[in-house]
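Overview (structure and organization)
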Amino acid sequence: MAISQRPLSPQALGLACRHVPTARRTARAFRVAAGPSTSSDGFTYLELELPTPLNSNVKKSAFIKSSTRVADCPPDRIPEFAFIGRSNVGKSSLINSLTNNDRLAKVSKEPGMTKLINHYLINDSWYLVDLPGYGFAKAGKSNREEWLRFTKDYFITRDNLVSVMLLVDSSLPPQTVDRDCADWLAECEVPFCIVFTKIDNRKKDMPTNAANVKAFKQMMAEEWEALPRCFETSSKTGTGKSELLGYLASLRELHVRSGRM
């Protein structure tokens, strides 16, 4: 994984990370397979030597259950990928786009609609997980504690979690809370990538989406030796869909080779 150059400080999220037994995580395989690589855009990324993606197309998807705590989640026997981000970042829309199922995840313009850990079974062999958006935590202390309760233990203890998709709204200038979440995931050795959403949706009187993406990367590059893998997506046009699905397929293969299945 990409590791920040500075001692990480998750105080902004109110999280404290205890030691994670890396032998139980695919993170070990990530570190072994990774090295820095400078891209044509001038940023240095963590380059993974990933297996060829197999079975990347989604042919079947189904909602399994919603959980209020990790203990209630489905058995951790198959790999899963979690989606996290600020409220209204487009998690549900992206899940529906990736699965070609507009009715799979509930989409709403009201921030904070997702307040449970939602599991979706894909091709009867892996999970997509929709987590509560951390933006609604700013509404008050009780909601903040609710978000922590839903997600903290999930990230740290869920053994079959292969990777987290950290969604960032490309229509907005860089948000510090998104970088704080990235820092915390890195400190806890939770593998993740950054998925920029709404790449085709420019807000009036705002910088271009491309400028926002570049600014966010620059914000991270000031303190990170190498950035995690980044994707630019649109749930409306399908931009980035095949690339992201291929990446998930490669990670599943890496997960298998790491001995977790």
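This write-up is about the structure you can find in this document.

Definitions and limits used
- Residues numbered from 1 in each chain as written.
- Predicted model: local features only at pLDDT ≥ 70, side-chain atom pairs only at ≥ 80, totals over all residues.
- Heavy atoms only, no water.
- Helix = DSSP H or I, 4+ residues; strand = E, 2+ residues; numbered from the N terminus.
- Buried < 20%, exposed > 50% of the residue type's maximum accessible area, 1.4 Å probe, protein only.
- Contact = heavy atoms within 4.5 Å.
- Areas by Shrake-Rupley, 256 points an atom, 1.4 Å probe, with all protein chains shown as cover.
- Pairing = 2+ DSSP bridges.
- Axes fitted to C-alpha atoms, helices over the stretch in contact; angles between N-to-C directions.
- Polar contact = N/O pair within 3.5 Å; in protein donor to acceptor, adjacent residues only side chain to side chain.
- Right-handed = clockwise from strand over helix to strand, strands pointing away.
- Salt bridge = Lys/Arg side-chain N within 4 Å of Asp/Glu carboxyl O.
- Core = buried A, V, L, I, M, F, W, Y, C linked by side-chain atoms within 4.5 Å.
- Parallel < 35°, antiparallel > 145°, perpendicular 65-115°, else oblique.
- Left-handed = near helix turned anticlockwise from the far one by under 90°.
- Nonpolar A, V, L, I, M, F, W, Y, C, P; charged D, E, K, R; others polar.

Brief notes about the overall build of the protein
Check the secondary structure of the protein and you find six helices and nine strands. Here the protein holds 261 residues, and 52% of them are scored as buried. Partitioning the contacts of the protein with sequence separation of at least 6, the portion at a separation of at least 24 is 76%. A total accessible area of about 12000 Å² is found for the protein, and carbon and sulfur atoms account for 47% of it.

What to know about the sheet that holds strand β5 (residues 117–122)
Strand order across the open sheet formed by seven strands is β3-β5-β6-β4-β7-β8-β9, with mixed pairing between neighbours. Pairing within the sheet leaves two strands with one partner each, and these edge strands are β3 (61–67) and β9 (230–232). Put simply, the sheet's adjacent strands are angled 25° from each other on average, direction ignored. Pairing of strand β4 (residues 80–85) with strand β6 (residues 126–130), which is carried by four bridges, proceeds in the parallel orientation.

Quick word on the side chain of His119
Topologically, His119 is positioned in strand β5. A polar contact of 3.1 Å, which involves the side chain of His119, links it to the side chain of Glu80. Apart from residues no more than four positions distant in its own chain, His119 is found in contact with Ala62, Phe63, Ile64, Lys65, Cys73, Pro74, Glu80, Tyr127, Leu128, Val129 and Arg158.

Considerations on unusual backbone geometry
Despite not being glycine, Asp124 shows a phi value in the positive range, around 60°. Tracing the sequence through the fold places Asp124 in the loop between β5 and β6.

Considering the pairing of strand β7 (residues 161–169)
By the criterion of burial, β7 is predominantly enclosed, with nine of the nine residues buried. Where β7 meets strand β8 (residues 192–197), six bridges bridge the pair, whose relative direction is parallel. Bridge pairing in β8 links Val168 to Phe196. Crossover handedness for the path β7 to helix α4 (residues 176–187) to β8: right-handed.

Some points on the environment of Gly238
By the element assignment, Gly238 lies in the loop between β9 and α6 (241–257). Remark: the alpha-carbon pair of Gly238 and Leu94, spanning 144 residues in sequence, is separated by 9.1 Å.

Description of the pattern of salt bridges
Scanning all chains against the criterion turns up seven salt bridges. Across the pair Asp72 and Arg69 runs a salt bridge, and its minimum N-O distance is 3.1 Å. The exposure class assigned to Asp72 is partly exposed, which follows from its relative accessible area of 25%. Accessibility expressed as a relative area gives 49% for Arg69, which makes it partly exposed. Among the ionic pairs, Glu253 bridges to Arg257, the shortest N-O distance being 3.1 Å. Of this pair, Glu253 and Arg257 both sit in helix α6, four residues apart, which is roughly one turn of that helix.

Focus on helix α2 (residues 91–99)
The buried fraction of α2 is high, at eight of nine residues. Every buried residue of α2 is accounted for by Lys91, Ser92, Leu94, Ile95, Asn96, Ser97, Leu98 and Thr99. Remark: Asn100 follows α2 within two positions and exhibits a positive phi of approximately 55°.

A word on the nonpolar core
Grouped burial of nonpolar side chains is what soluble globular proteins tend to show. By size, the foremost hydrophobic cluster in this structure holds 37 residues, and its most contacted members are Tyr154, Phe155, Val164 and Phe192. Ranked by residues supplied to this core, first place goes to α4 with five residues. With residues up to four places along the chain from it excluded, the contact list for Tyr154 reads Val70, Glu80, Ala82, Ile117, Val129, Leu131 and Leu161. Residues Val89, Ile95, Leu167 and Leu251 belong to the second largest nonpolar core, which totals 25 residues.

Regarding the packing of α4 against helix α5 (residues 209–221)
Close contact between α4 and α5 brings their axes to 11 Å; oriented N to C, the two are set at 45°. When the interaxial angle is binned, α4 and α5 end up oblique. Here the hand of the crossing between α4 and α5 comes out right-handed. Note on element contacts: α5 touches α4 through Phe216, Met219 and Met220, opposite Asp178, Arg179 and Ala182. Class assignment of the residues belonging to the contact of α4 with α5 gives a composition of four nonpolar, no polar and two charged.

Interpretation note: all reported values are geometric properties and have no functional meaning in isolation.
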